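For reference, the chains in residue letters:
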Amino acid sequence: VLAPSAAAHATLEQASPRVGATIGTAPREIRLVFSEGVEPALCRVTLTGRDGRARALGTPHTAPGDRRTLIVEVSESLAPDAYKVAWRVVSVDSHTTQGDFSFVLAR
Ligand SMILES: [Cu+2]
């Protein structure tokens, strides 16, 4: 049974690249849309390829006027591979949630 406050935790509602997607163009940024506003300074996003190496990302920030959307620039050009995006965020109610998803960059 979930406590009522659990509904206020930030869960991932939408992502770009989409969860499980196969895409043909390397993304310049990762966008994560949560159910609640998040504190960007306390959010961590990692992007790893099959080799387990973390790709270089910018500092997470929220979209102007939209604290539910967390944006992280991808700082290196990505080669075709299967990638995992892992996120750990703190919502404005100070609760921490985390998760991960994958996408495939195809040639
Ligand atoms: Cu919460």
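Residues numbered from 1 in each chain as written. Predicted model: local features only at pLDDT ≥ 70, side-chain atom pairs only at ≥ 80, totals over all residues. Heavy atoms only, no water.

Visitor: Explain the coordination of the copper ion residue by residue, including any values.
Guide: For the copper ion, the full set of protein donor atoms is His9 (NE2), Asp93 (OD) and His95 (ND1), at a range of 1.9 to 2.7 Å. Counting residues between consecutive donors of the copper ion along the chain gives the motif H-x83-D-x1-H. (Donors = N, O, S within 2.8 Å, 3.2 Å for Na, K, Ca; no water.)

Visitor: Describe the packing of aromatic side chains, naming the residues involved and giving the relevant values.
Guide: In total, this model carries two aromatic pairs according to the counting rule given. For the ring pair Phe34 and Trp87, a centre distance of 5.0 Å and an interplane angle of 70° mean the geometry is edge-to-face. With Phe34 in strand β3 (residues 29–34) and Trp87 in strand β7 (residues 81–90), this residue pair connects regions lying 53 residues apart in the sequence. Exposure remark for Trp87: the relative accessible area of 8% places this residue in the buried category. Taking 5.5 Å as the distance between ring centres and 25° as the angle between the ring planes, the aromatic pair formed by Tyr83 and Phe103 counts as stacked. Note that Tyr83 is positioned in strand β7 and Phe103 in strand β8 (residues 96–105), a separation of 20 residues in sequence. Like Phe103, Tyr83 is buried. (Phe/Tyr/Trp six-rings, centres within 6.5 Å; stacked < 30°, edge-to-face > 60°. Helix = DSSP H or I, 4+ residues; strand = E, 2+ residues; numbered from the N terminus. Buried < 20%, exposed > 50% of the residue type's maximum accessible area, 1.4 Å probe, protein only.)

Visitor: Break down the environment of Asp93 for me, citing the residues and quoting the values.
Guide: Along the chain, Asp93 turns up in the loop between β7 and β8. The class for Asp93 is partly exposed, based on a relative accessible area of 26%. In sequence terms Asp93 and Thr48 are 45 residues apart; their C-alpha atoms lie 29 Å from each other. Ignoring sequence-local partners within four residues, the contact set of Asp93 consists of Ala8 and His9. A distance of 2.4 Å separates the side chain of Asp93 from the side chain of Ser91, its partner in a polar contact. A distance of 3.0 Å separates the side chain of Asp93 from the side chain of His95, its partner in a polar contact. (Contact = heavy atoms within 4.5 Å. Polar contact = N/O pair within 3.5 Å; in protein donor to acceptor, adjacent residues only side chain to side chain.)

Visitor: Talk me through the pairing of β3; I want residue IDs and the actual numbers.
Guide: The side chains of a regular strand alternate, residue by residue, between the two faces of the sheet. Here strand β1 (residues 12–16) pairs with β3 via four bridges, running antiparallel. Across the sheet, residue Ser16 finds its bridge partner in β3, namely Arg31. Bridge count between β3 and strand β6 (residues 66–73): five bridges; the pairing is antiparallel. Along β6, the bridge assignment pairs Glu29 with Glu73. (Pairing = 2+ DSSP bridges.)

Visitor: So what's going on with the nonpolar core? Which residues, and what values?
Guide: The biggest cluster of nonpolar side chains holds 20 residues, and the ones touching the most others in it are Leu32, Phe34, Leu47, Leu70 and Val89. Elements supplying a minimum of two residues to this core: β3, β4 (44–48), β6, β7 and β8. The greatest single-element share of this core, amounting to four residues, is contributed by β7. Leave out the neighbours within four places in its chain, and Val89 touches Ala10, Phe34, Val38, Cys43, Leu70, His95, Thr96 and Thr97. (Core = buried A, V, L, I, M, F, W, Y, C linked by side-chain atoms within 4.5 Å.)

Visitor: For the sheet that holds strand β5 (residues 61–63), give the residues involved together with the corresponding values.
Guide: Read from one edge of the open sheet, four strands run β1-β3-β6-β5, paired in antiparallel fashion. For this open sheet the edge positions go to β1 and β5, each flanked by a neighbour on one side alone. Mean inter-strand twist for the sheet, computed between neighbouring axes without regard to direction, equals 30°. (Axes fitted to C-alpha atoms, helices over the stretch in contact; angles between N-to-C directions.)

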